[in-house]
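Okay, here's what each chain looks like letter by letter:
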Amino acid sequence: MLWIKAFHILFVTSWFAGLFYLPRIYVNLAMEPDAQAYARLVLMAQKLYRFMQPLSILALGFGLWLWLGYGFSGGWLHAKLTLVFLLLGYHHYCGKLLKQFAAHSSRRSHTWFRWFNEIPVLLLLAIVILVVVKPF
């Protein structure tokens, strides 16, 4: 089970790297007046999002494997899974925002995206505390 846990941590970490960086690209897209630079940023965001998809699936798959191996007990795990579902929603909303940028229909400011970028940080903080401390 330790190998499964190691791979789960590896893929979660990799997925979060994408979740931290993709909204930073959105900040730059929201501020970019040059069409050529804008197109390059959209392409970067699309490639990153496509790269993040299998990482999220692998992170969830290994997490499910751990769940099946260790069982489902403790209030902390219920809370963690709730946060993971919120994280999945965030991930998919990033995809929706990417489609808006690709269609030149995003109306949000770079300031909004700077705040939006903080959501995965807060989710990661809460998830790590739940897993390590197991407060309930």
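Use the structure listed above.
A. Here's a closer look at the overall build of the chain. Within the chain one finds 5 helices and 0 strands. Counting from the amino terminus, helix and strand elements in the chain follow one another as α-α-α-α-α. Taking the principal axes of its C-alpha atoms as reference, the chain extends roughly 50 × 25 × 15 Å. Of all 136 residues assigned to the chain, the portion counted as buried reaches 35%. Taking as baseline every contact in the chain between residues at least 6 positions apart, the subset at least 24 positions apart corresponds to 80%. A total of about 8200 Å² of accessible surface is found on the chain, and carbon and sulfur atoms cover 71% of it.

B. Representation of the packing of aromatic side chains in the model. Under the defined criterion, the tally for this structure stands at 17 aromatic pairs. Pairing Trp-15 with Phe-16 gives two aromatic rings, centres 6.3 Å apart and planes at 50 degrees, and the pair type is tilted. This pair shows no difference in class: Trp-15 is buried, exactly as Phe-16 is. Judged by centre distance (5.1 Å) and plane angle (35 degrees), the ring pair of Tyr-26 and Phe-101 falls under tilted. Linking Tyr-26 in helix α1 (residues 2-31) with Phe-101 in helix α3 (residues 75-102), this pair joins segments that are 75 residues apart in sequence. Neither Tyr-26 nor Phe-101 differs from the other in exposure class; each is buried. These aromatic residues form a ring-pair network of at least three members: Tyr-26, Tyr-38, Tyr-90, Tyr-93, Phe-101, Trp-112, Phe-113 and Phe-116. Positioned above the aromatic ring of Trp-112 is the side chain of Arg-108, whose terminal nitrogen or guanidinium carbon lies 4.1 Å from the ring centre.

C. Looking closely at the packing of helix α2 (residues 35-70) against α3. Packing of α2 against α3 brings their axes to within 10 Å, and their N-to-C directions diverge by 155 degrees. One element, α2, and the other, α3, form an angle in the roughly antiparallel class. In this structure, α2 meets α3 at a crossing whose hand is left-handed. Taken together, the residues of α3 that come into contact with α2 (itself represented by Tyr-38, Val-42, Ala-45, Gln-46, Tyr-49, Met-52, Gln-53, Ser-56 and Leu-60) are Val-84, Leu-88, His-91, His-92, Cys-94, Gly-95, Leu-98, Phe-101 and Ala-102. For the contact of α2 with α3, a count of residues per class yields 12 nonpolar, 6 polar and no charged.

Parameters at a glance
- Sequence order sets the numbering: in each chain, residues are counted from 1 along the sequence as written.
- Only residues with pLDDT of at least 70 are given local features in this predicted model, and only at 80 or more are side-chain atom pairs given and counted; all residues enter the totals for whole chains, interfaces and linings.
- The basis for the side-chain values is all heavy atoms of the structure; hydrogens and waters are excluded.
- Each helix corresponds to a stretch of at least 4 residues labelled H or I by DSSP, and each strand to a stretch of at least 2 residues labelled E; elements are numbered beginning at the N terminus.
- Burial classes follow relative accessibility: with a 1.4 Å probe on protein chains only, a residue under 20% of its type's maximum area counts as buried, one over 50% as exposed, and anything between as partly exposed.
- Should any heavy atoms of two residues lie within 4.5 Å, those residues are counted as being in contact.
- The method behind every accessible area is Shrake-Rupley, applied with a 1.4 Å probe, and residues are considered shielded solely by the protein chains displayed.
- Planes of paired rings set the category: under 30 degrees apart is stacked, over 60 is edge-to-face and the rest tilted, where pairs are Phe, Tyr or Trp rings (Trp by its six-membered ring) whose centres lie within 6.5 Å.
- We call a charge positioned over a ring when the NZ of a Lys or the CZ of an Arg lies within 6 Å of the ring centre and within 35 degrees of the ring normal.
- For helices, the fitted axis covers only the stretch in contact; all axes are lines through C-alpha atoms, and the angles between them, taken along N-to-C directions, range from 0 to 180 degrees.
- To sort the angles, those under 35 degrees are grouped as roughly parallel, those over 145 as roughly antiparallel, those from 65 to 115 as roughly perpendicular, and the leftovers as oblique.
- Crossing handedness is defined as follows: a turn of the near helix away from the far one that is anticlockwise and smaller than a right angle gives a left-handed crossing, while the clockwise case is right-handed.
- Residue polarity follows a fixed list, in which Ala, Val, Leu, Ile, Met, Phe, Trp, Tyr, Cys and Pro are nonpolar, Asp, Glu, Lys and Arg are charged, and the others, Gly among them, are polar.

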